[in-house]
Amino acid sequence: MGYPLKYTTGALMLLLTFGSLPAAQADTPADLPETVTDGQGPEQHEPARQAIESDPAHDETTAQAEKPDLQPTEAAEAAEAAEAAQIIADYQSAIDRREALAGPFDPELSELTFALGRTLQRQNRLEEAIQAFRHAMYVNRVNNGVYSLSQEPMLRGIINTHIQLGFITEAAEAYQKLLWLHRKTYGADDPRTLPLLDEIGQWHLRAYNARGRRDDIYHLNIAHGVYNQALVITAQQHGEDHRNMTGLLYNSAMTDYYLDRHQKKYANSWENTDLLSERFQQARWVADDPFLSKNYFQNGRRANAKMIDILEQDPSASAADKATGYIKTGDWFMLFNLTGPAIDNYQKAYRVLQQTNDAALIAALLGEPKMLPRPIDSGIMETEPVLTATSTERSPAQPETSMPDITEAVTSPSIPAAYVMLAVDISEKGQPRKITTLSVSPEGGDGLERRARKTIIDTKFRPRFDNGQPVPTEALPVKVLIQ
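Here is what the cut-offs are and how they apply
Residues numbered from 1 in each chain as written. Predicted model: local features only at pLDDT ≥ 70, side-chain atom pairs only at ≥ 80, totals over all residues. Heavy atoms only, no water. Pairing = 2+ DSSP bridges. Helix = DSSP H or I, 4+ residues; strand = E, 2+ residues; numbered from the N terminus. Phe/Tyr/Trp six-rings, centres within 6.5 Å; stacked < 30°, edge-to-face > 60°. Buried < 20%, exposed > 50% of the residue type's maximum accessible area, 1.4 Å probe, protein only. Lys NZ or Arg CZ within 6 Å of the ring centre and 35° of its normal. Patch = residues over 30% accessible without salt bridge, like charges linked within 9 Å, V, L, I, M, F, W, Y side chains within 5 Å. Areas by Shrake-Rupley, 256 points an atom, 1.4 Å probe, with all protein chains shown as cover. Salt bridge = Lys/Arg side-chain N within 4 Å of Asp/Glu carboxyl O. Lys, Arg positive; Asp, Glu negative; His and termini not counted. Charge placed at Lys NZ, Arg CZ, Asp CG, Glu CD. Axes fitted to C-alpha atoms, helices over the stretch in contact; angles between N-to-C directions. Parallel < 35°, antiparallel > 145°, perpendicular 65-115°, else oblique. Left-handed = near helix turned anticlockwise from the far one by under 90°. Contact = heavy atoms within 4.5 Å.

Trainee: Just to check I follow, could you spell out the pairing of strand β4 (residues 432-441) for this structure?
Mentor: Put simply, side chains in a regular strand alternate between the two faces of the sheet. Two strands pair when backbone bridges link them, and strand β3 (residues 418-426) and β4 are joined in this way by seven bridges, in the antiparallel orientation. Pairing of Met421 across the sheet is with Ser439, part of β4. Hairpin connection between β3 and β4: a loop of five residues separates the two successive antiparallel strands, and Gly430 in this loop has a positive phi of roughly 80 degrees.

Rendered as structure tokens:
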């Protein structure tokens, strides 16, 4: 028999929370994962397509979707559910037929089972999806070797699905396995590992920012290690003054900020750093006890200063590049409540931007208040609509990476988050002042408004600038999601 699956009911309920994976986007049998093996075109999948299309279950499941006497909405939902069930049944049937024809380790089984996992994931049959991804990875390893990077799509499927389930530790472990795979393939100090090192570091910082509990110190430990390693590799490859260092330096400084906050909140949380090695066997190489030197503020300040120095000395750095460096440094100082150095860096950025005569760029970077990373144990926040993050906020040396979002998973994985809409006045020093409640969802939620207000009071903002001077802002719209 093929790979066994347990069919569940009610799995579509999770779509209320994880709207980024709509059921309507489920993979069809013709959309087989061509990324699993490099250099292979659509013709490779023709046997699988034929197996699916010729299976009697295909027509039988299609007939079951035709149910009369339903209201339009109910009919659409029933048709969607029937279509998803048909796709899953078709994949399972094709897997069974292929296994019977070519054996349990046929390479095409890995592709079919991976596509099945993606479909199950998008239907929020998450535990079944993980089983499918693992089975696909097992067959792939048998055919391509233990260290083959063709396993990466399966590992990423496992990572994303663990996050959807709210299993953050398990997602972190899968990320470490992915890093181990890259290091085995390329070597420990190969620059081709840099994008993944940066992705893992960013993800762990976001994971810590979303929860920030005592035991979440391991997120900071791993982020500290991967950024140290990334900086060493980049310096070896390009030199210590290369612009590729700048994004890594800033993320390293942000790690120092979180370590400083954790040290102040949980005074003894890092006394036993063996916990990391016990939980993450693949992470031993980063667990060189970064907590022996605890002056995180000085470490972060040096990293920011190095970032600015590199940008100022680089003749290819644009005014926007340099201004972004100053703004990031200002944000970092603002997080430490050092308003003077923060405003000074913002004004340096403004003077640099004036040289461009680009009013739109100035407005994008300094024309509206910017909510800075929230304090630990507050509600998850987003501003709308004017404070949506833009590409101008990202250093050119720090390219966009595709990674799962931790913030969806830390709310209840099956219940839509409560939220409070506020209008907040921001002072010229980036401090929240008058807070007006616009709406609460659900209405009458116990304590939601109080928690949202406390979150805003504890939050730092980059102030709005006008003609080079910080100015107050009235009624900034802020949405606070409550865990």
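Back to the text.
Trainee: Would you mind going over the packing of aromatic side chains with me for this structure?
Mentor: One pair of aromatic rings is described through two measures. These are the centre distance and the angle between the planes. A full pass over the atoms with the stated rule returns 12 aromatic pairs. Taking 5.7 Å as the distance between ring centres and 70 degrees as the angle between the ring planes, the aromatic pair formed by Tyr147 and Trp180 counts as edge-to-face. Within this pair, whereas Tyr147 is found in the loop between α5 (126-144) and α6 (152-165), its partner Trp180 is found in helix α7 (residues 168-186), the two being separated by 33 residues in sequence. Given the relative accessible area of 43%, Tyr147 is considered partly exposed. With a centroid separation of 5.5 Å and an interplanar angle of 80 degrees, the aromatic rings of Tyr257 and Phe336 are classed as edge-to-face. Here Phe336 lies in the loop between α13 (319-335) and α14 (339-354) and Tyr257 lies in helix α10 (residues 245-265), a separation of 79 residues in the sequence. Through a chain of ring-to-ring contacts, the aromatic side chains of Tyr208, Tyr257, Tyr258, Phe297, Trp332, Phe333 and Phe336 assemble into a single cluster. Taking the ring centre of Tyr419 as reference, the NZ or CZ of Lys479 above it sits at 4.5 Å.

Trainee: Just checking my understanding: could you explain a negative patch on the surface for this structure?
Mentor: A surface patch of negative charge is lined by Glu74, Glu77, Glu80 and Glu83. Checked against the element boundaries, Glu83 lands in helix α3 (residues 72-102). What makes Glu83 partly exposed here is its relative accessible area of 45%.

Trainee: What exactly am I supposed to notice about the packing of α14 against helix α15 (residues 359-366) here?
Mentor: How two helices sit against one another is set out by the angle between their axes and by the gap between those axes. Interhelical geometry of α14 versus α15 gives an angle of 165 degrees and a closest axis separation of 10 Å. The angle between α14 and α15 places the two elements in the roughly antiparallel class. In this structure, α14 meets α15 at a crossing whose hand is right-handed. Together, Tyr346, Tyr350, Leu353 and Gln354 of α14 and Leu361, Ile362, Leu365 and Leu366 of α15 make up the contact between the two elements.

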